[in-house]
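Working through the structure, step by step
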Amino acid sequence: MTEIKPDLSGEGLRVGIVRARFNESIGAAMLEACRKRLTELRVAALTVVSVPGSLEVPLALQKLANTENTTR
């Protein structure tokens, strides 16, 4: 049997995270876990956007998608 394993290297990737501040304790914990895993995968370019609630998330995602450069 042949097993194909995924390439879990984040080198060269730019990742954007948008999180709502509505439920701060859960959101902060999820963000920390995400940052930790992305660091383990060697993702160098990480942009985090924090918005007040869920209604603003799509707008922030659209802005990130239209951004050429991301910074840490």
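Residues numbered from 1 in each chain as written. Predicted model: local features only at pLDDT ≥ 70, side-chain atom pairs only at ≥ 80, totals over all residues. Heavy atoms only, no water.

It is worth spelling out the pairing of strand β2 (residues 45-51) at this point. Sheet analysis places strand β1 (residues 14-20) next to β2, joined by seven bridges and oriented parallel. Across the sheet, the residue bridging to Ala20 is Val51, located in β2. For the crossover that starts at β1, traverses helix α1 (residues 24-40) and ends in the parallel β2, the hand is right-handed. (Pairing = 2+ DSSP bridges. Helix = DSSP H or I, 4+ residues; strand = E, 2+ residues; numbered from the N terminus. Right-handed = clockwise from strand over helix to strand, strands pointing away.)

Turning our attention to the pattern of salt bridges. One pass over the full model with this rule turns up three salt bridges. When the shortest N-O distance is used, the salt bridge between Glu24 and Arg19 registers 3.0 Å. Residue classification places Glu24 among the partly exposed positions, given a relative accessible area of 37%. (Salt bridge = Lys/Arg side-chain N within 4 Å of Asp/Glu carboxyl O. Buried < 20%, exposed > 50% of the residue type's maximum accessible area, 1.4 Å probe, protein only.)

Mapping Arg19 onto the fold places it in strand β1. With residues near it in sequence (within four places) discarded, Arg19 still touches Glu24, Gly27, Ala28, Leu31, Val49, Ser50 and Val51. (Contact = heavy atoms within 4.5 Å.)

Turning our eyes to something else, we now look at the nonpolar core. In this structure, Val15, Ile17, Leu31, Leu38, Val43 and Leu46 together form the largest nonpolar core, which totals six residues. The set of elements that each furnish at least two residues to this core consists of β1 and α1. In this structure, Val18, Val51, Ala60 and Leu64 belong to the second largest nonpolar core, which totals five residues. (Core = buried A, V, L, I, M, F, W, Y, C linked by side-chain atoms within 4.5 Å.)

The next thing to look at is unusual backbone geometry. With phi around 65 degrees, Arg42 is a residue other than glycine that occupies positive phi space. Among the structural elements, Arg42 can be located in the loop between α1 and β2.

The end-to-end C-alpha distance of α1 is 24 Å, a good match for the 24 Å that 17 residues give at a rise of 1.5 Å each. Along α1, the residues classified as buried are Gly27, Leu31 and Leu38. Relative to the axis of α1, the buried residues are bounded by an arc of 35 degrees and lie together on one face. Across α1 from its buried face, at more than 90 degrees, point the exposed residues Ser25 and Lys36. A positive backbone phi angle near 65 degrees is found at Arg42, which sits one or two residues after α1. (Expected span 1.5 Å × (residues − 1). Arc of directions from axis to C-beta.)

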